[in-house]
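Listed below, chain by chain, are the residues.
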Amino acid sequence: EDKLGYLWIGFYGGGVAQFDGIKFTVYNISDGLVNNIVNEIYIDNDNTVWITTIKGISWYYNNEFRNISLPYVPLGYKLIETEQDFIVYTVGESFIYLINKNKLSKKRELGSVLKSGIKKIFKSDTGIYIQTISGKLFHQLDGIYHEVLLKEKIETAFLYRNKLVIVSNGLA
């Protein structure tokens, strides 16, 4: 839900809908959306609605869409906001895109660091964390990724009340 009270709903193949409590307004590629297969919707502090798809990112601000087209990925893109910009990634790949509200800032290859694809990215007060498919966890500090050394492969990691929780072999 955005700050004006509109509920935003994404569809697999149908674009996005904005619900004002009474009626739905549907937006798709003919309205300026980069693609109709929506992966995630995120609303930032400026009330900009960010929409990730299988072919890039759209954002809706002041009643218009702006887009960044990216290469097709079957699992779609995911988005995480940082203080400076947004990190855009896709599960299984070893690269991220850094964007701001105006343009694609840069593509950053992380293959030499990660060695396997990204499973999840999340942020905390202490920085950005990247969990890999191979069960490793990396922490970004000052633009450098450091491996968090653990005895066992992690199944998942997440933040709970801004504390890092790591699960391996079913134990937290």
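Heads up: the structure comes first, above all this text.
Since the structure is predicted, the reported quantities are computational estimates derived from the model, not experimental observations.

Rules and cut-offs
- Residues numbered from 1 in each chain as written.
- Predicted model: local features only at pLDDT ≥ 70, side-chain atom pairs only at ≥ 80, totals over all residues.
- Heavy atoms only, no water.
- Helix = DSSP H or I, 4+ residues; strand = E, 2+ residues; numbered from the N terminus.
- Buried < 20%, exposed > 50% of the residue type's maximum accessible area, 1.4 Å probe, protein only.
- Core = buried A, V, L, I, M, F, W, Y, C linked by side-chain atoms within 4.5 Å.
- Contact = heavy atoms within 4.5 Å.
- Salt bridge = Lys/Arg side-chain N within 4 Å of Asp/Glu carboxyl O.
- Pairing = 2+ DSSP bridges.
- Axes fitted to C-alpha atoms, helices over the stretch in contact; angles between N-to-C directions.
- Polar contact = N/O pair within 3.5 Å; in protein donor to acceptor, adjacent residues only side chain to side chain.

S.K.: Can you help me understand the side chain of threonine 132 in this one?
M.R.: Here threonine 132 shows up in strand 13 (residues 127–132). Of the residues examined, threonine 132 reaches a relative accessible area of 0% and is grouped as buried.

S.K.: Would you explain the nonpolar core in this entry?
M.R.: As a rule of thumb, nonpolar side chains are buried together in soluble globular proteins. Residues Ile87, Ile96, Ile118, Ile121, Phe122, Ile130 and Leu137 are the most contacted members of the largest nonpolar core, which totals 17 residues. Elements with a contribution of two residues or more to this core: strand 9 (86–89), strand 10 (95–99), strand 12 (118–124), strand 13 and strand 14 (137–141). Ignoring any residue separated from it by four or fewer positions in sequence, one finds isoleucine 121 in contact with Ile80, Ile87, Tyr89, Ile96, Ile128, Tyr129 and Ile130. Formed by 13 residues, the second largest nonpolar core is a distinct cluster that contains Ile57, Tyr77, Leu79 and Phe86.

S.K.: Hey, could you run me through the pattern of salt bridges in this one?
M.R.: Pairing is possible between side chains of opposite charge, provided their charged atoms come close. Inspection of the entire model under this criterion finds 2 salt bridges. Here lysine 78 and glutamate 40 are joined by a salt bridge, their closest N and O atoms 3.4 Å apart. Of this pair, lysine 78 sits in strand 8 (residues 78–81) while glutamate 40 sits in strand 4 (residues 38–43), and the two are 38 residues apart along the sequence. Accessibility expressed as a relative area gives 24% for lysine 78, which makes it partly exposed. Between arginine 66 and glutamate 64 there is a salt bridge, with its nearest N and O atoms 3.7 Å apart.

S.K.: Whenever I open this one, unusual backbone geometry confuses me. Can you help?
M.R.: Among all residues save glycine, negative phi is the norm, and among peptide bonds the norm is trans. Its identity is not glycine, yet asparagine 47 carries a phi of approximately 70 degrees, on the positive side. Following the sequence through the fold, asparagine 47 ends up in the loop between strand 4 and strand 5 (49–53). Non-glycine residue asparagine 62 carries a positive phi angle of around 55 degrees. On the secondary structure map, asparagine 62 appears in the loop between strand 6 (56–61) and strand 7 (64–69). On the accessibility criterion, asparagine 62 (62% relative accessible area) is exposed.

S.K.: Please clarify how the sheet that holds strand 12 should be interpreted in this entry.
M.R.: Each strand in a sheet pairs with its neighbour through backbone hydrogen bonds, running either in the same direction (parallel) or in the opposite one (antiparallel). A sheet is described by the order of its strands in space; here 4 strands give the open sequence 12-13-14-15, paired in antiparallel fashion. This sheet does not close on itself; its edge strands, each paired only once, are strand 12 and strand 15 (144–147). Between one strand and the next, the sheet's axes are offset by a mean angle of 25 degrees, whatever the strand orientation. Examined bridge by bridge, strand 14 and strand 15 share 4 bridges and lie antiparallel to one another. The residue of strand 15 that forms the bridge with leucine 141 is isoleucine 144.

S.K.: Quick question: what am I supposed to make of the environment of glycine 32 here?
M.R.: Tracing the chain through its elements places glycine 32 in the loop between strand 3 (24–27) and strand 4. The class for glycine 32 is partly exposed, based on a relative accessible area of 24%. Between the C-alpha atom of glycine 32 and that of histidine 146, which follows or precedes it by 114 residues, the distance is 39 Å. Ignoring any residue separated from it by four or fewer positions in sequence, one finds glycine 32 in contact with Ser58, Phe65 and Asn67.

S.K.: What is the right way to look at the environment of phenylalanine 11 in this model?
M.R.: Assignment of secondary structure puts phenylalanine 11 in strand 1 (residues 7–11). The partly exposed category is assigned to phenylalanine 11, whose relative accessible area is 35%. A sequence separation of 158 residues divides phenylalanine 11 from asparagine 169, and the C-alpha atoms of the two residues are 35 Å apart. Excluding residues within four positions of it along the chain, phenylalanine 11 makes contact with Val16, Ala17, Asn36, Ile37 and Val38.

S.K.: Please explain the side chain of asparagine 47 as it appears in this structure.
M.R.: By relative accessible area, which is 17% here, asparagine 47 ends up buried. Polar side-chain contacts of asparagine 47 include one of 2.7 Å to the backbone nitrogen of lysine 3. What asparagine 47 contacts, discounting residues up to four positions off in sequence, is Asp2, Lys3, Leu4 and Tyr60.

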